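# Structural overview for review
Read off the chains here:
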Amino acid sequence: MWQKEQVINELKRRGKRMTKQRLLLLDIILEGKYSCGKEIYYDAIKIDPTIGLATVYRMLATLEEIGAVNRCYQCSLEQEACGYEAAEAG
């Protein structure tokens, strides 16, 4: 699993700014396993109501791009769900 400092260093290496909102989202994402971005959003707005849903999804895409999180797809006849989980550090 990626550690917070590893993620921050990789994001900085790729020229990403580490804003307060990104740091908050990083803490929330690395803490647990979520089934969708909206769950992360709901936890984030409890702490910072100014965070937008688009910010959450952009952060997830960025973390997926660097390999810090994996998107999991689960399909069934009844519903289709996706989730996010921390990736193994590599």
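Before going into details, it helps to say that this report is about the structure given with it. (Residues numbered from 1 in each chain as written. Predicted model: local features only at pLDDT ≥ 70, side-chain atom pairs only at ≥ 80, totals over all residues. Heavy atoms only, no water.)

In this section: the overall build of the chain. A tally of regular secondary structure across the chain gives 4 helices and 2 strands. Each helix and strand of the chain, ordered N terminal to C terminal, gives the series α-α-α-α-β-β. Here the chain holds 90 residues, and 34% of them are scored as buried. Taking all contacts inside the chain whose residues are at least 6 apart in sequence as the whole, residues at least 24 apart take part in 47%. Only carbon and sulfur atoms are counted for the fraction: they give 49% of the accessible area of the chain, which is about 5,900 Å². (Helix = DSSP H or I, 4+ residues; strand = E, 2+ residues; numbered from the N terminus. Buried < 20%, exposed > 50% of the residue type's maximum accessible area, 1.4 Å probe, protein only. Contact = heavy atoms within 4.5 Å. Areas by Shrake-Rupley, 256 points an atom, 1.4 Å probe, with all protein chains shown as cover.)

Below, the discussion takes up the packing of helix α1 (residues 4–13) against helix α4 (residues 53–66). Following both chains from N to C, one finds α1 and α4 inclined at 90°, their axes separated by 11 Å at the closest point. In terms of orientation, α1 lies roughly perpendicular with respect to α4. In this structure, α1 contributes Val7, Glu10 and Leu11 to the contact, and α4 contributes Met59, Thr62, Leu63 and Ile66. Here the residues of the contact of α1 with α4 sort into 5 nonpolar, 1 polar and 1 charged. (Axes fitted to C-alpha atoms, helices over the stretch in contact; angles between N-to-C directions. Parallel < 35°, antiparallel > 145°, perpendicular 65-115°, else oblique. Nonpolar A, V, L, I, M, F, W, Y, C, P; charged D, E, K, R; others polar.)

With that settled, consider the nonpolar core. Judged by nonpolar contacts, the single largest core of 23 residues is most densely connected at Val7, Leu25, Ile29, Ile40 and Leu63. For this core, the secondary-structure elements that each account for two or more residues are α1, α2 (20–31), α3 (37–47) and α4. By residue number, the principal contributor to this core is α2, which donates 6 residues. The residues touching Leu63, leaving out its near neighbours within four places in the chain, are Val7, Leu11, Leu26, Ile29, Ala68 and Val69. (Core = buried A, V, L, I, M, F, W, Y, C linked by side-chain atoms within 4.5 Å.)

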